[in-house]
Every structure is written in structure tokens, then in C-alpha cells.
Amino acid sequence: MSKAEILVIDDEPQIQTLLRIALESNDYKVCQAETGKEGVLLAASHPPDLILLDIGLPDKSGHEILKEIRTWYSRAIIVLSVQSSESDIVNALDSGATDYLTKPFRTAELLARIRSALRRSQSENCSNVLESGNIQLDIVSRAVRKNGEVVKLTVTEYNLFSLFVRNEGR
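Residues numbered from 1 in each chain as written. Predicted model: local features only at pLDDT ≥ 70, side-chain atom pairs only at ≥ 80, totals over all residues. Heavy atoms only, no water.

## Some remarks on unusual backbone geometry
The criterion, for reference: Helix and strand definitions here come from DSSP, where helices need a minimum of 4 consecutive H or I residues and strands a minimum of 2 consecutive E residues; each element is numbered from the N-terminal end. Buried, partly exposed and exposed residues are distinguished by accessible area as a fraction of the type maximum, computed with a 1.4 Å probe on protein chains only: under 20%, between the cut-offs, and over 50%, respectively.
Backbone torsion omega between K103 and P104 reads -5°, so that peptide bond is classified as cis. Turning to its location among the elements, P104 is positioned in the loop between β5 (99-102) and α5 (107-124). The phi angle at D27 is positive, at roughly 65°, despite the residue not being glycine. With respect to the helices and strands, the residue D27 is situated in the loop between α1 (13-24) and β2 (29-33). With relative accessibility at 53%, the residue D27 sits in the exposed group.

As C-alpha cells, this is what we get:
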């Protein structure tokens, strides 16, 4: 079984290096972005299993990125930030963060929070096929079928369609 893929959106080279070493030594696949724009593009083109997001990014606030990503991304997002005020933490969690960890953080604690978030994501998505009428969405293979026939979609079309199916009736 392959390990989870984690997208790190953080502009600090020391944090990127620390996270890459810690995550890869625990068999996670790591993808990194230094700006919010780059992070959103990477997340949209190949949605990871989990996102580690810094609030203090050079181009946009991590809070803005979090709100933007949450419009279509339903997996875990853990915020890593030096901002430790209660209002910052509450704002991030209310905006859709799965968890919040202040810098400096303990690596073992971060890894435990990642494992916990991934377990919750997997249990929420225990059914690998979502159905809506005569349309089936296979989450694992990222395939869409209508009346049993495969429908070819671009990455963006698939992400939008997946969002709509997961939120049917809302």
C-alpha cells in the first residue's frame, strides 16, 4: 500500500527542509509550494491526501488560501503557523482547517496529527464509489461512469464534479 501524498505550502526554506526530511523518512510522498498561488495550482492539478498550510505566505494570506481551497477540496488541511493567538486559531478552524499547530512544533506531534487526520479522512471516505442517479464516481481510480460507460474529464472537471457529487442536495 502506498503512503499518503502531502502537499506542503510554506515559504520558509528551513521548514520546507525539515518537513521534507520528516515526512519522507516516514514514507510519505511530499510535494512543496512556496506561495499560495503555487499551492492552489498543485492541489487542484493533483489533489494530495493532506495539505500542510502556513498562514504567513508571501503572496496571499493562508486564511484566504484556506477558504479558496475549501470550496472544492474536502480532505485534511493542517495549518502550521507562528501565529498563536486564540483568534487566529479559531479563524483557521472555522475557515475549514482540520487542525492547527503553532511553530515551533514537535515533529513527533505533527506526525501523530497527520496520521490522525488521514485516519479520519479514510473513515469518512470508506465507500470508494459515490453514486448520484445513473452516475458513479470512483474516488480511488478517479473515474466517472454514466450508465456504466467511462466519461473522460479534465482534472478541473473531475474536481468540480467530485465536489458536486459529495455535496449533493446542498
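## Topic: a positive patch on the surface
Rules: Exposure above 30% relative accessible area and the absence of a salt bridge qualify a residue for a patch, where like charges join within 9 Å and nonpolar side chains (Val, Leu, Ile, Met, Phe, Trp, Tyr) within 5 Å. Per-residue and other accessible areas were derived by the Shrake-Rupley procedure at a 1.4 Å probe size, with only the shown protein chains allowed to occlude residues. Only one rule defines a salt bridge in this text: a Lys or Arg side-chain nitrogen within 4 Å of an Asp or Glu carboxyl oxygen. Positive residues here are Lys and Arg, negative ones are Asp and Glu, while His and the chain termini are left out of the count. Charge positions are represented by NZ for Lys, CZ for Arg, CG for Asp and CD for Glu.
Together, K3, R115, R119 and R120 give the surface a local cluster of positive charge. Turning to its location among the elements, K3 is positioned in the segment before β1 (5-9).

## Digging into the side chain of H63
Under the convention used in this document: A contact between two residues is defined here by any heavy atoms of the two lying within 4.5 Å.
One can find H63 in helix α3 (residues 62-70). In this structure, H63 is in contact with I55, Q83, D88, N91 and A92, ignoring residues within four places of it in sequence.

## Observations regarding the sheet that holds strand β4 (residues 76-81)
Short version of the rule: For two strands to count as paired, DSSP must find a minimum of two bridges between them. Each axis is a line fitted through C-alpha atoms, and for a helix only the stretch in contact is used; angles between axes span 0 to 180 degrees, taken between their N-to-C directions.
Ordered in space as β2-β1-β3-β4-β5, the five strands form an open sheet in which the pairing is parallel. Strands at the two margins of the open sheet, each flanked by one partner only, are β2 and β5. The mean inter-strand angle of the sheet, taken between neighbouring strand axes irrespective of direction, is 20°. Note: strand β3 (residues 50-54) against β4, five bridges, orientation parallel. Bridge pairing links L50 to A76 in β4. Of the strands in this sheet, β1, β2 and β3 are in contact with helix α2 (residues 36-45), which crosses β2 at around 140°. Contacting β1, β3 and β4, α3 crosses the sheet at an angle of about 155° to β3.

## Here we look at empty space enclosed by the protein
Going by this rule: Cavities and pockets are found on a 1 Å grid laid over the protein atoms alone: a cavity is a set of points where a 1.4 Å probe fits but cannot escape, a pocket is an open set with protein on both sides within 12 Å along at least five of seven lines, and a lining residue has an atom within 4 Å of such a point. Grid points are joined across faces, edges and corners, and a volume is the space filled by probe spheres set on the points. For this classification, Asp, Glu, Lys and Arg are treated as charged, while Ala, Val, Leu, Ile, Met, Phe, Trp, Tyr, Cys and Pro are nonpolar and the rest, including Gly, are polar.
Applying the stated criterion across every chain yields a total of one cavity of 30 Å³ or more. Taken as a whole, the largest cavity encloses approximately 170 Å³ of empty space. Forming the walls of the largest cavity are 13 residues, and the residues nearest its centre are W72, S74, N159, S162 and R166. When its residues are assigned to classes, the lining of the largest cavity shows six nonpolar, four polar and three charged.

## A look at the environment of R120
Along the chain, the position of R120 falls in helix α5. Under the relative-accessibility criterion, R120 is labelled partly exposed at 37%. Distance in space between the C-alpha atoms of R120 and A76 is 8.5 Å, their sequence separation being 44 residues.

## Section: the pairing of strand β8 (residues 143-146)
As judged from the four bridges shared by strand β7 (residues 135-138) and β8, these two strands associate in the antiparallel manner. Pairing of D138 across the sheet is with A143, part of β8. By the bridge criterion, three bridges tie β8 to strand β9 (residues 149-151) in an arrangement that is antiparallel. Each bridged residue has a counterpart across the sheet, and for R145 the counterpart in β9 is V150. Count of turn residues in the β8/β9 antiparallel hairpin: two residues, of which N147 carries a positive phi of about 55°.

Purely geometric numbers; function is a separate question.
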